[in-house]
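What follows is the residue order along each chain.
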Amino acid sequence: MLFTADHEDARRALQKFIAAEINPFVDEWEKADIFPAHELFKKLGDLGFLGLNKPVEFGGQGLDYSYALMMAEELGAIRCGGVPMAIGAQTDMATPALARFGSDEVRREFLTPAISGDAGVSEPGAGSDVASIKTHARSDGDDYVINGGKMWITNGVQADWICLLANTSDGPKHRNKSLICVPMRTKGVEVARKLDKMGMRSSDTAQIFFDDVRVPKRNRIGEEGHGFTYQMLQFQEERLWGAAACLKAHEYIIAETIEYTRNRKAFGQSILDNQTVHFKLAEMQTEVELLRALIYRAAEALIAGEDVTRLATMAKLKAGRLGRELTDACLQFWGGMGFMNETPVSRAYRDSRLTSIGGGADEVMLTVLCKMMGTLPGMNQK
Ligand SMILES: Cc1cc2nc3c(=O)[nH]c(=O)nc-3n(C[C@H](O)[C@H](O)[C@H](O)COP(=O)(O)OP(=O)(O)OC[C@H]3O[C@@H](n4cnc5c(N)ncnc54)[C@H](O)[C@@H]3O)c2cc1C
């Protein structure tokens, strides 16, 4: 991955923004179990960071995916997982399909405001089995009438609109779904509750119900019945984003663990001087670098227009696995202090656990890879 002087300029601007506008407030937002999405997104929007690789006609910067990747990586410098995840939900979960397949009208109505700071959320499905979602959009003249519900919607409490995947017919489950933009203020949309989570606390997560929600058919993204395909494409960006946002966060935890264990003494020497500690940290740093190489390779392929399902799936799987191993090892080296909520390593431990679950669990990633390798039981039976 070649980053140019333009990438580095944008990177420095984002670093400055994170240092001044985000990190000083992270502890407060973590305690409050919410961050001010509208205020923060508006500022990010004003700097152009919510539309780096979105079309210029709709307010974006029209740059290629390498800029989005640079941003995902840099957001790892935010000292919690919740705020970067909320930003990623906006830029790489709720809007890629809209930007790529939406009509000009629907892009003007939802993408342009999202790029300037309105909060969008994404609801691709029913957990691991996306094809089996139950939310239904019945055709009624020029409208859809939507009924159903969904747990675990990132930014759901503060969102202005939702990118919803719903069944628009009773046909085969990979061809009966559509992506539809639904303003959250529409009658019948109910944010039932804000969920209480073990980690990612500064990001609000909601349970949402749809009760006879009427929206015009022009709010549909692209062709009716193509929603599952669009969502699978959108997952590539979401999964790469999720992996890239882990890199810097992991490096911070390694660096802080080195610092802490160097200063903490036991049995007449620094904790760090135990070979089991410094070897493990060197191994973890190596793993982070390997993950970075995989992500960069996937991003280059994405920019070249290739299908990166395989590489993005591997990156997401590896990021989840590594996040668990790395934060668990580092927390152990902090001893009792690692178990305290006040230490960064305990927050990282709680936050990073989600990577193996959200956006498709590790087992779903393995299933995708096994399908591609032709090793799923039953695949080769005549
Ligand atoms: C904090 C948070 C934020 C989220 N934000 C969003 C969001 O903004 N939008 C959104 O749409 N979703 C969001 N999600 C939902 C998330 O994507 C799902 O939780 C995830 O896809 C897993 O689905 P599930 O929880 O229903 O698990 P289930 O489908 O119930 O699976 C449970 C477990 O079963 C195992 N499993 C599942 N399938 C298989 C299989 N084929 N083989 C072997 N084992 C299997 C896995 O271990 C899996 O973890 C969020 C979740 C959380 C916790």
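Counting of residues starts from 1 at the beginning of each chain's written sequence and follows it residue by residue. In view of the model being predicted, local features appear only for residues whose pLDDT reaches at least 70, and side-chain atom pairs are presented and counted only at 80 or more, with totals across whole chains, interfaces and linings using the full set of residues.

### Considerations on the overall build of the protein
1) Next: When its secondary structure is counted, the protein shows twelve helices and ten strands.
2) Next: With the radius of gyration taken over C-alpha atoms, the globule rule is written as 2.2 Å times the number of residues to the power 0.38. Relative to the globule expectation of 21 Å for 382 residues, the C-alpha radius of gyration of the protein, 21 Å, shows essentially globular dimensions.
3) Next: Principal-axis analysis of the C-alpha atoms places the extent of the protein at approximately 80 × 55 × 40 Å.
4) Next: A total of 382 residues make up the protein; the buried ones form 47% of that total.
5) Next: We call two residues in contact whenever the C-beta atoms placed from their backbones are within 7 Å. Long-range pairs, those at least 24 residues apart, make up 73% of the contacts in the protein with a sequence separation of at least 6. By the criteria applied, helices consist of DSSP H or I runs no shorter than four residues and strands consist of E runs no shorter than two, each listed in order from the N terminus. Partly exposed residues are those falling between the two cut-offs: more than 12 but fewer than 20 other C-beta atoms within 10 Å of their own, whereas 20 or more means buried and 12 or fewer means exposed, with C-beta atoms placed from the backbone.

### So, the environment of Gly 82
1) Next: Assignment of secondary structure puts Gly 82 in helix α5 (residues 82–93).
2) Next: Assessed through the 26 C-beta atoms surrounding it within 10 Å, Gly 82 is described here as buried.
3) Next: On a C-alpha basis, the gap between Gly 82 and Glu 223 in space is 33 Å, while along the polypeptide they are 141 residues apart.
4) Next: Sequence-distant contacts of Gly 82, that is, excluding residues within four places in its chain, are made with Phe 35, Met 200, Arg 201, Ser 202, Ser 203 and Asp 351.

### Notes on the pairing of strand β3 (residues 143–154)
1) Next: Across five bridges, the pairing between strand β2 (residues 136–140) and β3 is antiparallel. Bridge pairing in β3 places Ser 139 opposite Tyr 144.
2) Next: At least two bridges found by DSSP between two strands is the condition for calling them paired. Linking β2 back to β3 in an antiparallel pair, the connection comprises two residues, with Gly 141 at a positive phi of about 65°.
3) Next: Sheet topology places β3 next to strand β7 (residues 205–216); nine bridges connect them, and they run antiparallel. When the sheet's bridge partners are listed, Ile 146 is paired in β7 with Val 213.

### Thoughts on the domain arrangement of the protein
1) Next: Where a domain begins and ends is set by an automatic assignment or by a domain database. Domain boundaries assigned for the protein yield domain 1 (5–116), domain 2 (121–225) and domain 3 (229–373).
2) Next: Spacing between the C-alpha centres of domain 1 and domain 3 amounts to 21 Å.
3) Next: On the domain 3 side, the residues contacting the 21 residues of domain 1 number 21 residues.
4) Next: Within the residue set of the side of domain 1 that touches domain 3, elements represented by two or more residues are α4 (65–75), α5 and α6 (96–101).
5) Next: Considering every element that reaches the side of domain 1 that touches domain 3, the biggest residue donor is α4, with seven residues.

### Description of the nonpolar core
1) Next: Put simply, a nonpolar core is buried Ala, Val, Leu, Ile, Met, Phe, Trp, Tyr and Cys residues tied into one set by C-beta atoms within 7 Å. Val 182 and Ala 315 are the most contacted members of the largest nonpolar core, which totals 107 residues.
2) Next: At twelve residues, the largest contribution of residues to this core is made by helix α10 (residues 309–334).
3) Next: Those residues in contact with Val 182 that sit more than four places away from it in its chain are Ile 146, Trp 161, Ile 162, Leu 164, Val 189, Val 213, Val 215 and Asn 219.

### Structural notes on unusual backbone geometry
1) Next: One non-glycine residue, Trp 152, adopts positive backbone phi at about 55°.
2) Next: Positionally, Trp 152 belongs in strand β3.
3) Next: The exposure class of Trp 152 is partly exposed, given the 15 C-beta atoms found within 10 Å.

### Describing the packing of helix α9 (residues 275–303) against α10
Packed helices, taken two at a time, are described by the angle their axes make and the gap between the axes.
1) Next: Lines fitted to C-alpha atoms define the axes here, with helix axes fitted over just the stretch in contact, and angles between the N-to-C directions of these axes take values from 0 to 180 degrees. Axis separation between α9 and α10 bottoms out at 10 Å; the angle between their running directions is 160°. What the angle tells us is that α9 and α10 run roughly antiparallel. Considering only the axes of α9 and α10, their crossing is left-handed. Every residue of α10 that contacts α9 at Val 277, Lys 280, Met 284, Glu 287, Leu 291, Leu 294, Ile 295, Arg 297, Ala 298 and Ala 301 is listed here: Leu 311, Ala 312, Met 314, Ala 315, Lys 318, Ala 319, Leu 322, Leu 326, Ala 329 and Phe 333.
2) Next: Gly counts as polar in this scheme, as do all residues outside two lists: the nonpolar Ala, Val, Leu, Ile, Met, Phe, Trp, Tyr, Cys and Pro, and the charged Asp, Glu, Lys and Arg. Tallied by class, residues from the contact of α9 with α10 come to 16 nonpolar, no polar and four charged. An angle below 35 degrees is treated as roughly parallel, one above 145 as roughly antiparallel, one from 65 to 115 as roughly perpendicular, and anything else as oblique. In a left-handed crossing the near helix is turned counterclockwise from the far helix by less than a right angle, and in a right-handed crossing that turn is clockwise.

### Overview of helix α3 (residues 37–46)
1) Next: All of the buried residues along α3 are Ala 37, Leu 40, Phe 41 and Leu 44. The buried residues of α3 occupy an angular sector of 95° when projected down its axis, which confines them to one face. Facing away from the buried side of α3 by over 90 degrees, the exposed positions are Glu 39 and Asp 46.
2) Next: Here the buried face of α3 lies against α5.
3) Next: In the stretch just after α3, Gly 48 is the one whose phi turns positive, near 90°. Directions are taken from the helix axis to each C-beta atom, and the arc is the one they span.

### Some words on the environment of His 136
1) Next: Take His 136: it is sitting in strand β2.
2) Next: Classification of His 136 as partly exposed rests on a count of 17 C-beta atoms within 10 Å.
3) Next: Linking His 136 and Lys 31, residues 105 residues apart in sequence, is a C-alpha distance of 37 Å.
4) Next: Not counting the four nearest positions on each side in its chain, His 136 is found in contact with Asn 147, Gly 148, Ala 166 and Asn 167.

### As for the packing of helix α1 (residues 5–22) against α4
1) Next: Running from N to C, α1 and α4 point in directions that differ by 30°, and their axes come no closer than 10 Å. Relative to α4, α1 is oriented roughly parallel. Crossing hand, α1 versus α4: right-handed. On α4, the residues touching His 7, Ala 10, Arg 11, Leu 14 and Gln 15 of α1 are Ser 66, Tyr 67, Met 70, Met 71 and Glu 74.

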